[in-house]
Amino acid sequence: MDPEFRKLRIRQLDRALKPFLAARDSPRPQKGWIRAIREATGITLREMAKRLGKVPSLASYLERSEAEYRITLGNLREAAEALGCQLVYALVPRDGSLQSLSEKGARDKATENVRAVEHTMALEDQAVGGVEGKIEEETRRILKRSSNESRHE
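Reading the values: the criteria
- Residues numbered from 1 in each chain as written.
- Predicted model: local features only at pLDDT ≥ 70, side-chain atom pairs only at ≥ 80, totals over all residues.
- Heavy atoms only, no water.
- Core = buried A, V, L, I, M, F, W, Y, C linked by side-chain atoms within 4.5 Å.
- Buried < 20%, exposed > 50% of the residue type's maximum accessible area, 1.4 Å probe, protein only.
- Helix = DSSP H or I, 4+ residues; strand = E, 2+ residues; numbered from the N terminus.
- Contact = heavy atoms within 4.5 Å.
- Axes fitted to C-alpha atoms, helices over the stretch in contact; angles between N-to-C directions.
- Parallel < 35°, antiparallel > 145°, perpendicular 65-115°, else oblique.
- Left-handed = near helix turned anticlockwise from the far one by under 90°.
- Nonpolar A, V, L, I, M, F, W, Y, C, P; charged D, E, K, R; others polar.
- Expected span 1.5 Å × (residues − 1).

A. Seen up close, the nonpolar core. Within the largest apolar cluster, 14 residues are counted, with the highest numbers of intra-cluster contacts made by Ile34, Met48, Leu52 and Leu62. Ranked by the residues each element gives to this core, the list is headed by helix α6 (residues 73–82), at 4 residues. Setting aside its immediate chain neighbours within four residues, Leu52 contacts Ala59, Leu62, Glu78, Ala79 and Ala82. By size, the runner-up hydrophobic cluster in this structure holds 6 residues, among which are Ala106, Val131, Ile135 and Ile142.

Pasting the structure below:
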């Protein structure tokens, strides 16, 4: 992927994810969204099962599997539709930006690389210091290399 296109794509995705940032910090109901919405709207398990075209035990299973983080996206989508809702799905970087997530990954790798070399050099009594500057330089090199590699894919 061309480096300029990659930067543009990151900016576009960051903009698209912006509405989800607030949701990132919203706690999920303890027993899951399916049960919370079903109960709040007064829908019984039997009625939900009927809307799903399934038996009541399956509706109960869906609620339990969501509460235990075992539900599939397909089942979650079906349950949402049966409740008159829409499944909204996104992966949101913890710090809120794909750009900083990309840079953090490069910095972590650079730190690992530089510290390994510095350690080896110290063992040989050839350490030269300036580790932070070297980490910055290595981070830029990794980011540039990943841009060049993705351009040729």
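Having seen it, we continue.
B. Focus on the packing of helix α4 (residues 45–52) against α6. As a packed pair, α4 and α6 sit with axes 9 Å apart at the nearest point and diverge in direction by 110°. One element, α4, and the other, α6, form an angle in the roughly perpendicular class. Between α4 and α6 lies a crossing of right-handed hand. From α4, Met48, Arg51 and Leu52 reach across to α6, where they touch Glu78, Ala79 and Ala82. Taken together, the residues of the contact of α4 with α6 break down into 4 nonpolar, no polar and 2 charged.

C. Region of the structure containing helix α5 (residues 56–67). Along its 12 residues, α5 runs 17 Å from first to last C-alpha, staying within 8% of the 16 Å computed at 1.5 Å per residue. Residues of α5 that are buried: Ala59, Leu62, Glu63, Ser65 and Glu66. Looking at the buried positions of α5, the neighbouring elements they touch are α3 (33–40), α4 and α6. Once α5 finishes, Tyr69 follows within two positions and takes phi at roughly 60°, a positive value.

D. Quick look at the packing of α3 against α5. Following both chains from N to C, one finds α3 and α5 inclined at 130°, their axes separated by 7 Å at the closest point. The angle between α3 and α5 falls in the class oblique. Of the residues in α5, those in contact with Trp33, Ile34, Arg35 and Arg38 of α3 are Leu62, Glu63 and Glu66. Here the contact of α3 with α5 is composed, by residue class, of 3 nonpolar, no polar and 4 charged.

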